[in-house]
Structures are given as C-alpha cells and as structure tokens.
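Okay, here's what each chain looks like letter by letter:
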There are 6 protein chains.
Amino acid sequence: MTRPSGRAPHNLRAIELIPHVSKHAEGSCLVKFGDTHVLCLATVEDRVPHWMKGGGAGWVTGEYGMLPRSTGQRMDREAAKGRQSGRTQEIQRLIGRALRAVVDMKALGERQVKVDCDVIQADGGTRTASVTGGFVAMVLAFQHMMTIGMLKSLPITDTVAAISCGVYQGASVIDLDYDEDSTAETDANFVITGKGGIVEVQGTAEREPFTEEQFLGLLNLARTGCGQLSALQRQVLGL
Amino acid sequence: MTRPSGRAPHNLRAIELIPHVSKHAEGSCLVKFGDTHVLCLATVEDRVPHWMKGGGAGWVTGEYGMLPRSTGQRMDREAAKGRQSGRTQEIQRLIGRALRAVVDMKALGERQVKVDCDVIQADGGTRTASVTGGFVAMVLAFQHMMTIGMLKSLPITDTVAAISCGVYQGASVIDLDYDEDSTAETDANFVITGKGGIVEVQGTAEREPFTEEQFLGLLNLARTGCGQLSALQRQVLGL
Amino acid sequence: MTRPSGRAPHNLRAIELIPHVSKHAEGSCLVKFGDTHVLCLATVEDRVPHWMKGGGAGWVTGEYGMLPRSTGQRMDREAAKGRQSGRTQEIQRLIGRALRAVVDMKALGERQVKVDCDVIQADGGTRTASVTGGFVAMVLAFQHMMTIGMLKSLPITDTVAAISCGVYQGASVIDLDYDEDSTAETDANFVITGKGGIVEVQGTAEREPFTEEQFLGLLNLARTGCGQLSALQRQVLGL
Amino acid sequence: MTRPSGRAPHNLRAIELIPHVSKHAEGSCLVKFGDTHVLCLATVEDRVPHWMKGGGAGWVTGEYGMLPRSTGQRMDREAAKGRQSGRTQEIQRLIGRALRAVVDMKALGERQVKVDCDVIQADGGTRTASVTGGFVAMVLAFQHMMTIGMLKSLPITDTVAAISCGVYQGASVIDLDYDEDSTAETDANFVITGKGGIVEVQGTAEREPFTEEQFLGLLNLARTGCGQLSALQRQVLGL
Amino acid sequence: MTRPSGRAPHNLRAIELIPHVSKHAEGSCLVKFGDTHVLCLATVEDRVPHWMKGGGAGWVTGEYGMLPRSTGQRMDREAAKGRQSGRTQEIQRLIGRALRAVVDMKALGERQVKVDCDVIQADGGTRTASVTGGFVAMVLAFQHMMTIGMLKSLPITDTVAAISCGVYQGASVIDLDYDEDSTAETDANFVITGKGGIVEVQGTAEREPFTEEQFLGLLNLARTGCGQLSALQRQVLGL
Amino acid sequence: MTRPSGRAPHNLRAIELIPHVSKHAEGSCLVKFGDTHVLCLATVEDRVPHWMKGGGAGWVTGEYGMLPRSTGQRMDREAAKGRQSGRTQEIQRLIGRALRAVVDMKALGERQVKVDCDVIQADGGTRTASVTGGFVAMVLAFQHMMTIGMLKSLPITDTVAAISCGVYQGASVIDLDYDEDSTAETDANFVITGKGGIVEVQGTAEREPFTEEQFLGLLNLARTGCGQLSALQRQVLGL
C-alpha cells in the first residue's frame, strides 16, 4: 500500500499553527494540516448565555463554516440557502464539546468565548484541524484576558487536539487527506488531551464493519499523533 | 453504586419490538427500551434520489423526530421553529448510516426506503432504540417487497442494532435511562452487527476524559447487549 | 348507498379514549376514531404569554402535527421543509378555539395549557378526533392541577367534542373515514358542547353547493354524534 | 341595540365593485365594503400546476395579503418575517375554494387563474370582500380570454359572493365592521352562489356557544345579503 | 430619438401627490408618476429601536413592497417565498436614508416613523416615486403629531425628492418609464433636497461605461426635475 | 485635517493583489487594501443559469460574505441567522454588475463564472477591494480556460477596479479605512474601467447633503486611484 501523498502510515501532514493572524480577534490561529487551512478566531464576550446567568461559570462554543470554493467542487453558500447543513452543525457541536472538556468554567467566570473555525481551503480533516487550531486561538484569548487583567491564571486543565485515522486499502493510516478520506473503508476521529485522556471518539465504517482490533490500531495511531500536535500547541503557546 | 432503576450494570431495560403497528407503512415497528418508545415506519419508494438514477443501486435513509411532549420538559415543535436542530440532524444521519451498513444496495435495486423514527416517549437512548427498531421496520418492508414480487430475496448482509453504554458513578453500565444519562461521566453509543462487526462508535467524555481501558469496558458491554438485541430482532423477523 | 365500512349513516366508528398514556404529560389521552389515532398530550405551564401578563386570566392553545407516514402516501416532514402548511395551522387554530370555548380563564388563573395533538395514524377525521381527545387530555391536566393544589375546582363550563358529517353518494353520513372523505360531495365539521351549544361550524361544498336542508341534516347527525362523544368523555373523566 | 355605524341589522355597508383598475392584470376589481378596500387582480397563465398536467382541466387559486398599515395598528410585513400567518393561509385557501366552486374546469382548459386579493385598507370583512371582488376580477379575466380567442364561452356555472354575519349585543347583524367584529359574540362567514347554493359556512362562537336558531338567523341574513352582492356582480360584469 | 411616451427628454410624467388616502395611517400619500402608483403610509410609534433608547433622538425607516401583479409579469409573493429579494432590501434602505437626510432627529425626540411604500402598479421609477411620496406621508405624520401636541414644530431641515435619469438611444432623458428603463444604456437615480443638496446618487452603466460628461448631463436633468417635485411637495403640504 | 492613518488625502493604502492562493479555484486572488483582506475565488461552470440556456452567451456573478470575526465587533453568522442581510445582497449585486461590465459574454460562450469574495479581515472598503480583487480572480480563471483550451482569447473588453472616496472632516479623501468611514460626512463608491469609463457611482450623504462640486472632487480622486489599481491589475495579470 502506498498513500497518495507518499507518507508513511503513521506520518502526519506538515502541520503549522500560526498565531496572531487577526487584527481584531482576541485570540487567533491559522492552522494548516497540509493543504487543509482553517482560520480560527476566538472572541471574548463579558457575558454568558441567558440560561447560565448568575451561576458563576463561563462557557465556550465553537462555530464552523466553509468558504464556498474551499473545496474541489464549489458548494452553495449556506447563508444563501438559509440553513446550515447537518454536517456543519455536527462539526460545530464537536468543536465546542472538545474545547469545553479542558476549560475550568468556574475559573473562567461569567464570560463566553466563541471560537469561529472557518475553512479557507479543504483537503480532508477540517474538523480535526479546527479543534487543534481552535484550542490555540482559545488559549491565546485567555492569555489576552490575563494581559488586560480579566483573568489571573489560565483557566485550562489540559491541552486538547484532534486527528483522524482510517483504514485505507487495508492499512491503518493517520491524518487522511481528501484522496484517502473519500475512499477509506473506515474513518475515525479522535479528540485526545495532552495527558492522553480520550475526550471524543467517532468511528464509522464506510463499507465493511470493522473489528475491535482495527479500532484499537487506529486509536494507537491517534494517541501518537495527538501527542505530536499537543507538543506543537505547547510550543506555540509558550506553555 | 446502585443504578436508579435498580438494574445490574450489564442489564438492558425491558426491550420490546412490536411489529406491524401501522395500517399504512410497508414496514413498521414500535420499539420500547423501557420507557423510551419509538415508532419506526418504513416507506418504500420505487425510485432513488436524482443523483443516483441509472446506477442500478438503491438507497436507505433515516429521519428522526420527537413529539413536543415526549420529554419531561415540553420542547417547541421543530416545524413551528422552522428548522431541525443540530441534534436531530446528527441522529437522523446516524440512523441512515447504520441501516445502510447492512443493506446490499445492488440487490435492492433502484428503490429507496425511508425509515421514520418518531419518539413517542423519551427516557434516554432514543437514537439507539431508533436504529434497533428502524432495522426491524426496514426488513419488514423488504419482506413486504418480496411478498408482492418486487424483490426475490432479502437484500441484507447482516442484522444491526445499537446500544448506549456509559460510566455512571464510576461504574460501566449499559442502556442508560434519562436519570443516568443526564449525570453520566462518559456516554458512548455503539452500532454493532449481528456478526459482531462495529459499524459506528461515538464516545464523549461529559466531564473527565476517559481512558482506553474504560472505553474497552464499554465496548465489551455493548457487544453483549447488541448480541441480545440482535437475537430479539431475528426472532421478531423470523430470520 | 352502502358506506365503504358497512356502517349505517348515523353510526360513529369504534371510538376509544385511552387516558394516562404518557409518563411525562400532565394530562394525556390516546383517541381512536376507528383507524384514526391521535395522541393528545397536555402540558401545564405556570405562566401566560407575554401579552396576557397581569390580567389574571389563563390561556389554552392547541398544536397539531402528523407523523410523515401516518397517511397512505408518505408526506415530507414539516420540520424539514421549514414551515407548517396552511392546513396544519388551520387545524391547530381550530383546536385552540374549541377548547377555549369551555374553559373559565379567570378560574384557571395565569397559567397556560398547551395541548399537542399528534396524528399517529390517519384515516379521516383527524381534526375532530384531536378536539375530542384534546379535551380529555386538557381536563386530565386540570385534575392533576387540583391534585397538587394548583387549582381548587375544575375551570370548565362544559364538555366539548367534534365530529365530521358529509354527503356521501347523496346520503348524509357521520364520522367519515378517508375513503368517504376523499369522495364526499360536502364535508362539514362541527364542534358542539355537552349541553348542545354550537361552538364551531365549518361546511364546505367539495363539488356542488349544498342546500340549507342538507346542512341542517348534517347538523342533526352531528348533534347526536357529539352527544355520544360527550357521554364517553364524561365517563372517562369521571364527571 | 344600535350598531356603531347606525346601520339597520340587515343593511350592508356601501358596496362598490370598481372594474378595470389595473394596467397590467387580465382582470381587476377594486372592491369596497364601506372602509374595507381590497384590490383584486386576476392573472392568467397558460399552464397548470405540475400535478395537473395532461388532465385537460384548469385551476383557480387565491392569494391574500394585507398592507402593513391597512389596519389601525401597523402589523409587521409578512415578507420580512419570512412566513405567512395561519390566518393569511386560511383566508387564501377559502378564496380559492369559493372561486373554484363556480368554475367549470374542463371548459377553462389547461390554464391557471391566480387571483391576488390585497387589502389596501381594513375595517372588518376583508375575506368576504376578497371573495366577492375576486369573483369579479376572475370573470373579467375570463372575458378577456374570450376577447383574445382563448375561450369560446364563460367557464362559470354561477356567480359567487360572501358576507359575514354575527351576533352583536344580542342581535343578528350583517356585514360587520371592525368595531362590531371585535366585540361580537358570534362571527360567521357565508359563501353563497347566485342561485342560493351554499358553498362554505364558517361559524365561530367567540364567547358563548350559539344555538341552531341563532345560526339559522344568520344564514337567512346572509342569503339576502349575498343576493344583493350577486345582483351587483352581474350588473358590473354585464351578465 | 422619440421617447416611447412622446415626452420631451426633460419632461416628467404626469405627477400626482394625493394626500390623506388612508383611514388609519398618521400620514398618507398616493403618489403617481404616470402609470407608476405607490401608496405611502407613515406610522408613528412613540418609541425607538432598542439600540437607540435613552439617546433623546428619533428614527425614520422605510419599507417597500410590490403587489404580485403590480407588474406586467406576475411575481411570486415575497411573503410566500419566505424572503425579501436583494432588490427590495436595497430599495427600502435607500428610502430610509433619503428621508433621514432631512429630519432633525433631536427635534423629533424618541419616536420612530415607519414609512411603508407599497407599489400598487409599476411602470418604472418605483423607488423614486417612493421617496417623493414617502416624504409627503412622513411630513403629514409630523403635522398630525403637531396637531395632537406631540411636536411643537416640524422636525425637518428641508424637503427631499428623487428622480431617475438615463441615457436612452443616445439621449439623456428624465423619469424613465418601463419601456425606456428596460432598454436604457445607463440608469441613474438621484435624491436631491429642496435647496439642491445631493443626498444620494446611484448610477449604473447597463451596457457601455459612461463618461463624466454624460453623468453631469443626467445630474442637471435631475436637478430640474427634483426642483419641480419639490415645489409640488411644498404645495401639497402647505409649506 | 490629518487622516487617522497619516496618509495624504489622495493616497491609497498599501495595495496587494496576490494571485494563485487557492489549490482548488480556477482563478484566485487575495486582495489587501491595508488591513482589509478579501479572498476572491473564481469558479468556472460549463453551463449557464436556466433562463439563459441556448442563447450562446455566458454569465458572471459575484457572491460576498464576511467571516463573523472579520470585524471589530463579532457579527452573528448569516448562515445561522438563516438569511443574508440587505447589505450583503446589495454588495454582491454590485460585484456582479461591475465584473459583467467588462466581459464579452458572447466570447465567453455558455459558461458561468462565479466569483466568491469573502472578507477575511475588514477595515473599511470591503466592497471596493472585492471588485478589484474579484476582477483579477475572474481573469485568472479566463486564462486557465485558455490554457486548457476552453477559450481562444480573453473575453474581456477592459479592466475594472473600484475605490471609495469621501469627505472626512471637510476634506476629500480616497480609500477610507474604518476609522474614517464611520465618521465621514459623505461616502461614495466608484467603479471605473481601465480606459476611464464609469461603470457605477454610488454616493450617499451621511449627514449633510453634498454639492455637485464636492461630488466632482470625489470623482476626480477616484479616477486617479482606479488608474493606479488598474495598472497593478495589469501587472499581476501580465496584460
């Protein structure tokens, strides 16, 4: 088996986490997983949603979008169609859950951070890139809040990153690009913390059901990959 | 640890699969997982979506809804709000993928089966009940197609069922009801075929990340539970 | 003239009013007019709509929906289409008006009761079944409010039921099923109280205009039918 | 009892049917029932809806709208809110049914006539004015089709008009204006043909249920009123 | 070059500004630019939008709509389509800006005037007729507010009117009707105050880019035309 | 008067036109007007809209969007709100008209080019940057079509660019950034071809009406600015 990109099964694509790319956002990060580029912008609001008021705790949400021609085939604009697709909503719910898993909401206090992940260019793995880059944008926003005195310390309990793994032509591979993703037998996304805790696992058999052994193989690949992403996050954030 | 329902950790709730509950639908099944009741109605259409025409293959989709007062707190009607929630869309996508995983689309031919899963009463686990009952409704529709001469044989490769498992007060338990689900540390849904193949795995840490060991514990519970559901499906369907 | 069902012109279908069918709703009733089955769930809210606050009076509304495959031909889901049809809105307005006609809003106090009528299976007459079963669900909710001390007495002034009548093959018949309804010359719905007061009359000539005599014939049939429904309601509710 | 307008119980308001008020529409009529003014414009299309193609029959539909400040209190624009109210849909369905009741669809052939009824100023009775004026606009469009050779003869079987009647301060009155309508005990709308056939009856008790005698009283008033409207229609149309 | 209407290049169509055409609106004007008829109704609300509260200043907005058959080809109803077109929104934004340009918002105080401009019949130039007639309706509403003591003096700084000019068959002409507008090479709309100040200029080359000289020619025509409209406005309003 | 940026009144911001920034789009350009960054991606489709089929001519459209946090204050996502704002629609209509003004549609043949202009970061002037960068993306797509043999020659008649001018603290200035734009007395946008033809003029007095002299002053500034943009476009495109 040779991967279309020539990568070894356990090799991530070239990963870049470019911080401070926005003039306006409190935290920002352009994340690249190879040709997949996602702009992650974190906005701090000094209030929480209505249903959380007075509880003393903060909140973090994710939003997700794709530019119409971020993909090989142009898609119609969701704003013009008047509704977000099920896929979009599924992904932005995932981003929010992943980020909240490592935030100490009491320490954040009654503030909300919204992390917008907009796909500038897509080549597979946009949701995992969004989680990974979104975490960086969120922490940069927290650091900004410390700088201006809104926070005393970083309200996080760990780092968090995400990666996809799959079975491609019978072999377990990590960080699938579009060519692999569109023909893989199995596709799984893992969200894993810096300390190795599993936050989210989503595995789907595209054609044939998979076995427990196959699944564990993918999980092992993901652990290693998320470890590398985690190290990169810490380096960029100075943690 | 005592479960609110008094069940042992590995015990499913009382499961019922009641076939032929609709005067109109080609296949129908009222599925009960304890107090969770889902009406699954399968509709056969002698055509496929536009983008599949001429390919010789069939298609299966799932749709999902909840009655406004199926839950403890009444929810606004999605039809009145003018859009389906992200959760609804996520679940109906899951139902469709699960059912398609065991259908031989070439053998089905250019027909579409739509499986509507409507929650009459909710007490946790509506999506797993929907997959499990939806499979029965779909196969009943296939059997109806055989009876009227539209099909020569059942176009399925296996059975499929789904169950939730989670970590509740530190213990791994199966088939969570609402009381458990709303306070569980970890919540995972498994879709598993009769032969034991894994079709879908979705695990989410609600508060603390979980470990690989915990996850494997949940997977083992799920295997056993889906085995039981699978036996019940075969019995109801006469397979 | 023989009715497709073999019933005499003045015979209702088999009517069932099954109370207490929901684990969650404050009042609930599964109503069956033959093969037409509607689940009526009443929800009590301890507040009124914004525009009624401070007036000391309560409010009752009806909502209506049909499961996509409750009918012979599957209909698209209104939640997916993003809007409720004119027919749906017309029916839920009718249900609300009918129920409010027998409620003493001052005695109810500043509370709102929402009565959801969802058609599980349709065979003609869903709106009249909804009014008839919805009344039972509403009163069960009032009785529940008395049990928990929210109300001292039942805030109703009468019972209310509804029935359809029509001219089928030249003869006046009551409680039309789908086979009759789809080919009737005239179709009328009557909402009548237990004491015989007329709350609502809706008559439509489907092909030929009708005469005053024909209309009065239908009204007489309806009076008798609603009387029977009223007696059944009182029995189920212990009034 | 004195009516706010000083009219006798059986007196209509000043009625005007002004034909040919539009430069563009194939048939047009500005109808005035006192201060209620509705512009009725009929559009001829040389095709029928998709589901009627090839059947050889035509179709007639009604649409209805109110200008935002046609009423005493300005209403938000339905186009801005993104949906038509239940009331709007109910009324346009009524207009369509009423007009279709007197059209010979086979004689019309595969053409559709759309009758737009837009309320320029409202003072009660907009739906009955719409039916009455809409009939004139529709027939003017048929006459235009005869002039240009699309039709050989008028494809109508009768005229049709509508009027409201109600119980106001205990007395039965016809053609209620807003002051009466907003406080009437009972409100009924009647659609009656020139020959006296009843096409539609809609009666609603606003507070107290009404009796059969009261209802027949309203029906008698309506017969006389629709007779007057019918005579006026024939005169304007030269029938 | 002969204009389809036979008018000289600098001649407006027959202009009418008919005040007090509504029973309900605080200010109203039916404006006619030849066969283009727009009903302008101004509504006074004794409050401002949420974001302006407490600032002591008022607000003026415009809304715009077309009756479905105001045009040669019937258009679908925007309320039925569920959204306002880009063109509609563009025009109502223009109306609002034009009217606000001559209102002293401090003098108006915390009140909002909404000016609804609904096209009853269209023959080109509906947006310029809307601004011109909308100004009259707005000032009539201000005069009404003075009459009832809500205002001491007219809160306007000038009058404002609008006209279209264009290049038709090589010649600069004013106040284009539909026949001209649909084939003009260049189309420009001007909003000009009574004192000659320019409030808004919108020029679009439909086929060939235009020159500065052409543009100035159109502007000169517009000045003269708006002067005439301004005189007519003053006369109708008694200014 | 000193501009917030320290620029001379006739100085543009630093302009960059960066071509070939997308892996997928047939033509692409990242345009920067200082801190305003717009990603322009051109998509070629080998078909035209339904209403143009068989006419032998092509079509060009523009679409426009802003990332939620492209601005100082985060805006809600239009896709989540379910509709595009009037401003968005106004701008995308402008982009389309501007680009079509310089395309020879017959030479393009029955193909459509869609130019998506998405604002990555906003600091005033996003619509003029979109037109200017959108032109580059469109021509790059045309050049790509030539390379693959779909076109023999460039189907353009000229270049086109756009710039804003305004009166800021009494002085006429070009290319307003957000600080200027939000407080300018007058704001005008000009779309001008390489040969100096005017394609579109939009001028709005924000507070005081402006004079013809002021307007001509802005137009002169715009001519010079668009000349510079035009030269830059030609250089990037090798024209």
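Notes on the structure in this doc start here. (Residues numbered from 1 in each chain as written. Chains lettered and ligands numbered in written order. Predicted model: local features only at pLDDT ≥ 70, side-chain atom pairs only at ≥ 80, totals over all residues. Heavy atoms only, no water.)

### Notes on the overall build of chain A
Now for step 1: Counting secondary structure elements, chain A contains six helices and nine strands.
Now for step 2: Across its three principal axes, chain A shows a C-alpha extent of roughly 55 × 40 × 30 Å.
Now for step 3: For chain A, long-range pairs separated by at least 24 residues make up 70% of all intrachain contacts whose partners lie at least 6 apart in sequence.
Now for step 4: Carbon and sulfur atoms form 48% of the exposed surface of chain A, whose accessible area is close to 8700 Å². (Helix = DSSP H or I, 4+ residues; strand = E, 2+ residues; numbered from the N terminus. Contact = heavy atoms within 4.5 Å. Areas by Shrake-Rupley, 256 points an atom, 1.4 Å probe, with all protein chains shown as cover.)

### Re the packing of helix H2 (residues 86–100) of chain D against helix H4 (residues 126–147) of chain D
Residue and element names in this part refer to chain D.
Now for step 1: Relative to each other, H2 and H4 sit at 40 degrees, their axes nearing to 10 Å. Compared by their axis directions, H2 and H4 come out oblique. Considering only the axes of H2 and H4, their crossing is right-handed. Counted together, Arg87, Glu90, Ile91, Leu94, Ile95, Ala98 and Leu99 of H2 and Thr126, Arg127, Ser130, Val131, Gly134, Phe135 and Met138 of H4 form the full contact between these two elements.
Now for step 2: A per-class count over the contact of H2 with H4 returns eight nonpolar, three polar and three charged. (Axes fitted to C-alpha atoms, helices over the stretch in contact; angles between N-to-C directions. Parallel < 35°, antiparallel > 145°, perpendicular 65-115°, else oblique. Left-handed = near helix turned anticlockwise from the far one by under 90°. Nonpolar A, V, L, I, M, F, W, Y, C, P; charged D, E, K, R; others polar.)

### A look at the relation of the copies chain E and chain F
Now for step 1: When chain E is brought onto chain F, the operation consists of a screw motion whose angular component is 180 degrees and whose axial shift is 0.0 Å, with 0.0 Å RMSD remaining. This pairing of chains is accounted for by a two-fold axis. When C-alpha positions in chain E are compared against the rotation axis, the closest is assigned to Gln202(E), at 2.3 Å.
Now for step 2: Interface overlap between copies is the fraction of interface residues in one copy that are interface residues in the other; for chain E against chain F it reaches 100%, indicating a shared surface. (Least-squares fit on C-alpha atoms with pLDDT ≥ 70 in both.)

### Brief notes about the arrangement of the chains
Now for step 1: With respect to C-alpha atoms, chain A approaches chain D no nearer than 11 Å, and the pair has no contact.
Now for step 2: A gap remains between chain C and chain F, which never touch, and the nearest two C-alpha atoms on either side lie 11 Å apart.

### A few points about the state of the cysteines
All names here are of chain B.
Now for step 1: All told, the structure shown has zero disulfides over all chains when counted by the stated rule.
Now for step 2: No disulfide involves Cys226; its nearest neighbouring cysteine sulfur is the one of Cys165, lying 7.7 Å away.
Now for step 3: According to the relative accessible area criterion, Cys226 is buried, its value standing at 1%. (Disulfide = S-S within 2.5 Å. Buried < 20%, exposed > 50% of the residue type's maximum accessible area, 1.4 Å probe, protein only.)

### Points about the environment of Glu212(B)
Now for step 1: For Glu212(B), the location among the structural elements is in helix H6 (residues 212–237).
Now for step 2: In sequence terms Glu212(B) and Thr43(B) are 169 residues apart; their C-alpha atoms lie 41 Å from each other.
Now for step 3: In contact with Glu212(B), other than residues within four places in its own chain, are Ile198(A), Leu216(A), Leu219(A), Asn220(A) and Arg223(A).

### Examining the interface of chain F and chain A
Now for step 1: Contacts between the two partners involve 36 residues from chain F and, on the opposite side, 36 residues from chain A.
Now for step 2: For chain F, the biggest contributors to the area lost against chain A are His24(F), Arg69(F) and Arg77(F); these three give 26% of the whole.
Now for step 3: Where chain F meets chain A, there are 14 salt bridges.
Now for step 4: Residue Arg77(F) pairs with Asp118(A) through a salt bridge whose shortest N-O separation is 3.0 Å.
Now for step 5: At the surface where chain F touches chain A, the tally comes to 24 residue pairs in polar contact (both at pLDDT 80 or more).
Now for step 6: Elements supplying a minimum of two residues to the side of chain F that touches chain A: strand S3 (36–45), strand S4 (59–66), helix H1 (78–81) and strand S5 (112–121) of chain F.
Now for step 7: A total of six residues in the side of chain F that touches chain A trace back to one element, the largest contributor, which is S5(F).
Now for step 8: A breakdown of the residues in the side of chain F that touches chain A according to their chemical character gives 13 nonpolar, 10 polar and 13 charged. (Buried area = accessible area lost by both parts, 1.4 Å probe. Salt bridge = Lys/Arg side-chain N within 4 Å of Asp/Glu carboxyl O. Polar contact = N/O pair within 3.5 Å; in protein donor to acceptor, adjacent residues only side chain to side chain.)

### Quick look at the sheet that holds strand S1 (residues 15–19) of chain F
Residues and elements named next belong to chain F.
Now for step 1: Spatially, S1-S2-S3-S5-S4 is the arrangement adopted by the five strands of the open sheet, whose pairing is mixed. The open sheet terminates on both sides in strands that have one partner only, identified here as S1 and S4. Averaged over all pairs of adjacent strands, the angle between their axes in this sheet comes to 20 degrees, without regard to strand direction.
Now for step 2: Sheet analysis places S4 next to S5, joined by eight bridges and oriented parallel. Bridge assignment links Met66 to a residue of S5, and that residue is Val119.
Now for step 3: Contacts between helix H6 (residues 212–237) and the sheet are confined to S1 and strand S2 (27–33), with S1 contributing the most and set at about 25 degrees to the helix. (Pairing = 2+ DSSP bridges.)

### Let's talk about the interface of chain E and chain F
Now for step 1: Counting residues at the interface gives 31 residues for chain E, matched by 31 residues for chain F.
Now for step 2: Between chain E and chain F the total buried area reaches about 2500 Å² when both faces are included, carbon and sulfur atoms providing 48% of it.
Now for step 3: The largest per-residue losses of area from chain E upon contact with chain F belong to Glu90(E), Ile198(E) and Glu212(E), which jointly make up 22% of the total buried on that side.
Now for step 4: For the pair chain E and chain F, the number of links is four salt bridges.
Now for step 5: Among the ionic pairs, Glu212(F) bridges to Arg223(E), the shortest N-O distance being 3.1 Å.
Now for step 6: Put simply, chain E and chain F have 16 residue pairs in polar contact (both at pLDDT 80 or more) between them.
Now for step 7: Looking at the side of chain E that touches chain F, the elements that each hand over two or more residues are helix H2 (86–100), strand S9 (198–205) and helix H6 (212–237) of chain E.
Now for step 8: Here the element with the most residues in the side of chain E that touches chain F is S9(E); it accounts for eight residues.
Now for step 9: Strand direction decides the pairing type here: S9(E) and strand S9 (residues 198–205) of chain F, joined by five bridges, are antiparallel. Pairing of Gln202(E) across the sheet is with Gln202(F), part of S9(F).

### Some remarks on the relation of the copies chain F and chain A
Now for step 1: Overlay of chain F on chain A (RMSD 0.0 Å): rotation 180 degrees, translation along the axis 0.0 Å.
Now for step 2: Both copies contact each other with a shared surface, as 100% of the interface residues of chain F are interface residues in chain A too.

### Comments concerning the environment of Pro155(F)
Residue and element names in this part refer to chain F.
Now for step 1: Tracing the backbone shows Pro155 in the loop between helix H4 (126–147) and strand S6 (160–168).
Now for step 2: The spacing of Pro155 and Leu108 is 47 residues in sequence and 5.6 Å in space, taken between C-alpha atoms.
Now for step 3: Not counting residues up to four positions away in its chain, the partners in contact with Pro155 are Val102, Val103, Asp104, Ala107, Leu108 and Phe142.

### Here's the deal with the packing of aromatic side chains
Any two aromatic rings considered together are summarised by their centre-to-centre distance and by the angle between their planes.
Now for step 1: Per the stated rule, a full pass over the model turns up 21 aromatic pairs over all chains.
Now for step 2: Each ring, one from Phe190(A) and one from Phe215(A), has its centre 5.9 Å from the other, and the planes form 40 degrees; the classification is tilted. Taken together, the positions of Phe190(A) in strand S8 (residues 186–193) and Phe215(A) in helix H6 (residues 212–237) put the pair 25 residues apart, joining distant regions of the chain.
Now for step 3: By relative accessible area, which is 1% here, Phe215(A) ends up buried.
Now for step 4: With a centroid separation of 5.8 Å and 15 degrees between ring planes, the pair formed by Phe210(B) and Phe215(B) is classed as stacked. Phe215(B) shares its class with Phe210(B); the two are buried. (Phe/Tyr/Trp six-rings, centres within 6.5 Å; stacked < 30°, edge-to-face > 60°.)

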